[in-house]
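Understanding the architecture of this molecule
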Amino acid sequence: MEVETPAQTQRREQQQLPSGAGARVAAKPLHRNPRLVVSFLLMVIGSASSPLLLRTYYLHGGNRKWLSSLLQSAGCPLLLAPICASFFSRRRCSATTPLFLMSPRLLAASIVVGLMAGLDGLLYAYGMAYLPVSTSSILSATQLAFTCGFALLLVRQRFTPFSVNAVVLLSVGAVMLGMNAGGDRPAGVSRAQYSAGFATTLGAAALYGFMLPVMELSQARHAARTGCAVTYTLVMEMQIVIGLLATAFSAVGMLVNNDFQVSLVTRTASLSLSLIPEGRYVPILT
């Protein structure tokens, strides 16, 4: 395993840039790129809140794994807003600008990654049904180790001391959890269910760690074939295709599992929701 220092990493990245580009990139502060800042904030909020909301769903009687998987990607149409804004901005500059920047090969790669994302969401939803949030979060964080390993194999990404340190710490954490399997098992969860949740969550982390280098590899090959840079709009187009395929994957699973059902319930002592009037029926998904 080849390890490079941070200084070597910086020099290598600057050498790969065109002349003068390294200075321009280094001189541009993060707050001058609002789209990137918004993406970071949304990712942090989603990563912190999704396991809590998903675990709360299961603790309050929810049991639909396919529904939980679908909800993880159902918000992808929101990406149409920045994509449309980018298109109209490009149209003002050039009347011949294409509607989509993706090539057929990149579209095919995004479809495959979307199907993997759907499977990843299902594995994660299954694991969250039987694991506490703390255990699930630590296991999910091991995706960094898988990402580093697959990135080394697929895109020849070199290891740095920081990535090696993170991989070792996360791997040790996962091993320690495995040695104490069942010690934090929630009430009502059998040992077999806990083990299955442990395995599926770790599998979801591994699959996600494989998806990211695949996306980077497909983008690099697209740039090499077309000679065009990988832009923010191109990444958003890939994301919406991935999200749509993942949502379709989960929707088909819900159809097969007969999950598109609602139950009519009334406000009772066990369901004391202040927004539900007495005696009224409301549709809920469980």
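The shown structure was predicted, so the numbers you read here are calculated from the model rather than taken from an experiment. (Residues numbered from 1 in each chain as written. Predicted model: local features only at pLDDT ≥ 70, side-chain atom pairs only at ≥ 80, totals over all residues. Heavy atoms only, no water.)

Overview of the overall build of the protein chain
Counting secondary structure elements, the protein chain contains 11 helices and 2 strands. Residues classed as buried in the protein chain amount to 34% of the 286 residues present. As presented, the protein chain carries roughly 17,100 Å² of accessible surface, and 67% of it is formed by carbon and sulfur atoms. (Helix = DSSP H or I, 4+ residues; strand = E, 2+ residues; numbered from the N terminus. Buried < 20%, exposed > 50% of the residue type's maximum accessible area, 1.4 Å probe, protein only. Areas by Shrake-Rupley, 256 points an atom, 1.4 Å probe, with all protein chains shown as cover.)

A look at the packing of helix α6 (residues 104–128) against helix α11 (residues 232–256)
At a minimum axis separation of 7 Å, α6 and α11 run at an interaxial angle of 45°. It follows that α6 is oblique to α11 by the angle criterion. In the crossing of α6 with α11, the sense of the turn from one axis to the other is right-handed. Every residue of α11 that contacts α6 at Leu 106, Leu 107, Ser 110, Ile 111, Val 113, Gly 114, Leu 115, Ala 117, Gly 118 and Leu 119 is listed here: Leu 234, Met 238, Val 241, Ile 242, Leu 245, Ala 246, Phe 249 and Ser 250. Split by residue class, the contact of α6 with α11 holds 14 nonpolar, 4 polar and no charged. (Axes fitted to C-alpha atoms, helices over the stretch in contact; angles between N-to-C directions. Parallel < 35°, antiparallel > 145°, perpendicular 65-115°, else oblique. Left-handed = near helix turned anticlockwise from the far one by under 90°. Contact = heavy atoms within 4.5 Å. Nonpolar A, V, L, I, M, F, W, Y, C, P; charged D, E, K, R; others polar.)

Some thoughts on a nonpolar patch on the surface
A contiguous nonpolar patch, built from Leu 36, Phe 40 and Met 43 and spanning about 270 Å² of accessible area, is present on the exposed surface. Relative to the elements of secondary structure, Phe 40 occurs in helix α3 (residues 34–59). (Patch = residues over 30% accessible without salt bridge, like charges linked within 9 Å, V, L, I, M, F, W, Y side chains within 5 Å. Salt bridge = Lys/Arg side-chain N within 4 Å of Asp/Glu carboxyl O.)

A look at the side chain of Ser 69
As for its placement among the helices and strands, Ser 69 is situated in helix α4 (residues 65–71). Side chain to side chain, Ser 69 and Ser 250 meet in a polar contact 2.9 Å long. Leaving out residues up to four positions away in the same chain, Ser 69 has contacts with Gly 118, Gly 121, Leu 122, Ala 125 and Ser 250. (Polar contact = N/O pair within 3.5 Å; in protein donor to acceptor, adjacent residues only side chain to side chain.)

Quick look at the environment of Thr 147
Structurally, Thr 147 can be placed in helix α8 (residues 143–154). Between the C-alpha atom of Thr 147 and that of Ala 206, which follows or precedes it by 59 residues, the distance is 7.7 Å. The contact partners of Thr 147, leaving out residues within four places of it in the chain, are Gly 209, Leu 212 and Pro 213.

A closer look at α8
Compared with an ideal rise of 1.5 Å per residue, which puts 12 residues at 16 Å, α8 spans 16 Å between its outermost C-alpha atoms and is within 8% of the ideal. For α8, every residue scored as buried is listed here: Ala 145, Thr 147, Cys 148 and Ala 151. Viewed end-on, α8 has its buried residues packed into an arc of 160°, placing them on one side of the element. Arg 156 lies just past α8 and shows a positive phi near 55°. (Expected span 1.5 Å × (residues − 1). Arc of directions from axis to C-beta.)

Regarding the packing of aromatic side chains
The final tally for this structure, using the stated rule, is 5 aromatic pairs. Ring geometry for Phe 150 against Phe 210: centres 5.1 Å apart, planes inclined by 75°, an arrangement best described as edge-to-face. Of this pair, Phe 150 sits in helix α8 while Phe 210 sits in helix α10 (residues 191–226); the two residues are 60 residues apart in sequence, bridging distant segments of the chain. (Phe/Tyr/Trp six-rings, centres within 6.5 Å; stacked < 30°, edge-to-face > 60°.)

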